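# Topology and contacts: notes
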Amino acid sequence: MRFIQYQSEAGPRLAARRDGRYVDLQAVDPRIPTDLRKLLEMGEEGGNRARAAVDRGPPMQETPARILAPILQPEKVICIGLNYADHAAESGLALPTEPVVFCKFPTAISGHEAPIALPAVSSKVDYEAELVIVIGRGGRHIPLEQAREHIAGYTCGHDVSARDWQLEKSGGQWLLGKTFDGFAPIGPELVTPDELGDAGQLDICLRLNGQTMQNSNTRQLIFPIERLISYISTVCTLRCGDLIFTGTPPGVGAARKPPVFLRPGDVVEVEIQNLGVLRNSVIAEP
Ligand code: MN
């Protein structure tokens, strides 16, 4: 299935796509929540209800004008650094022997077409296209061979990164440099694994003002999806709705000569095969 959350006059609503059009799920089945994370928490029953509703519900006349992040309030936003070999090389860093993990706060989450506000305190805001895993069933100490059973779906993600904060502040401020409000756009859709096919073989690219800046495939991931889930769950309990940003391919702005950083008026598009296009414009901080 392909889910979106969208803004209606009455607040956030949940819809799923049938062919080219969206069906508002709660309008068909009042027991379906309007929040996708809450639906995922219902497990198999939620999935069955959603499938039945999208099959029989009337499609909306138009695609909703304002699409929200598919997960609005994740408990955790976990990010993997240096997970593509050639990105580690362009960053001048050694190939990791274990996943490099950092995080963003949930206040960084934003959605498709929501503007990215450049903080006044940074002059080196960079882009990073990433495949994002959405956790369904939670768990701790998840064995590698069971990791797939914990995935609710996937979405496109943009790990916006203030390089001056991340790398130049004393000691480096990875967390702060990555977690300014709005620095984690995700969406537009959450696509379930049965609909997506093999998440380990997806073309991933990023365009800045129409020009391709990153272009790779998720088969280049150093640590594949199952390994990331299993590894992180050795440390902390994964919960429904948690997000895992899986790392970015080469071509980031900071590694270019001369460097390229985001400016007001820019438009950034993250496109992942069969997941769609996540588009965000860039503005100065209001
Ligand atoms: Mn990243």
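All values derive from a computational prediction rather than experimental measurement. (Residues numbered from 1 in each chain as written. Predicted model: local features only at pLDDT ≥ 70, side-chain atom pairs only at ≥ 80, totals over all residues. Heavy atoms only, no water.)

### Remarks on the pairing of strand β10 (residues 129-135)
Short version of the rule: In this scheme, a residue with accessible area under 20% of its type's maximum is buried, one over 50% is exposed, and one in between is partly exposed, where area comes from a 1.4 Å probe on protein chains only. Secondary structure elements follow DSSP: runs of H or I no shorter than four residues count as helices, runs of E no shorter than two count as strands, and numbering proceeds from the N terminus. Whether two strands pair depends on DSSP finding at least two bridges between them.
Counting buried positions along β10 yields seven of seven residues, so the element is predominantly enclosed. In this structure, β10 lies alongside strand β11 (residues 151-158), joined through seven bridges in antiparallel fashion. If you follow Ala129 over to β11, its bridge partner there is His158. Note: β10 against strand β16 (residues 243-245), three bridges, orientation antiparallel. Bridge pairing in β16 links Val132 to Phe245.

### Here's the deal with the environment of Thr234
Basically, it comes down to this: It only takes one pair of heavy atoms within 4.5 Å for two residues to be counted as in contact.
Secondary-structure assignment places Thr234 in the loop between α8 (225-233) and β16. Taking the C-alpha atoms as reference points, Thr234 and Asp159, separated by 75 residues in sequence, lie 24 Å from one another. Those residues in contact with Thr234, other than ones at most four positions away along the chain, are Arg140 and His141.

### Describing the domain arrangement of the protein
Selection criterion: Here the bounds of each domain stem from an automatic or database domain assignment. Each salt bridge in this description consists of a side-chain nitrogen of Lys or Arg and a carboxyl oxygen of Asp or Glu lying within 4 Å of one another. Side-chain atoms alone can form a polar contact between residues adjacent in sequence; in general such a contact is a pair of N or O atoms within 3.5 Å, and within protein one must be able to donate a hydrogen while the other accepts it.
One can read the domain layout of the protein as domain 1 (2-68) and domain 2 (77-284). Once you take the C-alpha centre of each, domain 1 and domain 2 turn out to be 26 Å apart. Listed as interface residues are eleven residues of domain 1 and, on the opposing side, 13 residues of domain 2. Viewed at the interface, domain 2 and domain 1 are joined by three salt bridges. Close ionic contact of Arg17 with Glu189 constitutes a salt bridge, the shortest N to O distance being 2.8 Å. Taken together, the links from domain 1 to domain 2 amount to seven residue pairs in polar contact (both at pLDDT 80 or more). Contributing elements (two or more residues each) for the side of domain 1 that touches domain 2: β1 (2-8), α2 (36-41) and β4 (67-68). The dominant element in the side of domain 1 that touches domain 2, judged by the number of residues it contributes, is α2, at four residues.

### Side note on the coordination of the manganese ion
What counts, and what does not: Each metal's donors are the N, O and S atoms found within 2.8 Å of it, except that Na, K and Ca use a 3.2 Å limit; water is left out, so coordination can look incomplete.
Protein-derived coordination of the manganese ion comes from Glu128 (OE), Glu130 (OE) and Asp159 (OD), at a distance range of 2.0 to 2.1 Å. In terms of primary sequence, the donors binding the manganese ion are separated according to E-x1-E-x28-D. Placement of the pair is Glu128 in the loop between β9 (125-126) and β10 and Asp159 in the loop between β11 and β12 (161-162), with a sequence separation of 31 residues.

### Details of a nonpolar patch on the surface
Rule in force here: In this analysis, a patch consists of residues with relative accessible area above 30% that form no salt bridge, clustered at 9 Å for like charges and at 5 Å for the nonpolar side chains Val, Leu, Ile, Met, Phe, Trp and Tyr. Accessible areas in this description were obtained via Shrake-Rupley with a 1.4 Å probe; residue shielding takes into account the shown protein chains only.
On the surface, Phe105, Leu175 and Leu176 cluster together into a nonpolar patch covering about 230 Å² of accessible area. Summarising the element assignment, Leu175 is placed in helix α6 (residues 174-178). Taking the relative accessible area as the measure of exposure, Leu175 reaches 32% and is therefore partly exposed.

### What about helix α3 (residues 43-56)?
Spelled out, the test is: One fewer than the residue count of a helix, multiplied by 1.5 Å, yields its expected span. Arc, as used here, means the arc of the directions from the helix axis to the C-beta atoms.
With 14 residues, α3 ought to run about 20 Å at 1.5 Å a step, and its terminal C-alpha atoms sit 21 Å apart, in line with that. Those residues of α3 not exposed but buried are Gly46, Arg49, Ala50, Ala53 and Val54. Viewed along the axis of α3, the buried residues span an arc of 125°, placing them on a single side of the element. Turned more than 90 degrees away from the buried face of α3, the exposed residues are Glu44, Asp55 and Arg56. If you follow the buried residues of α3, they end up packed against β1, β2 (11-18), β3 (21-24), α1 (25-28) and α2.

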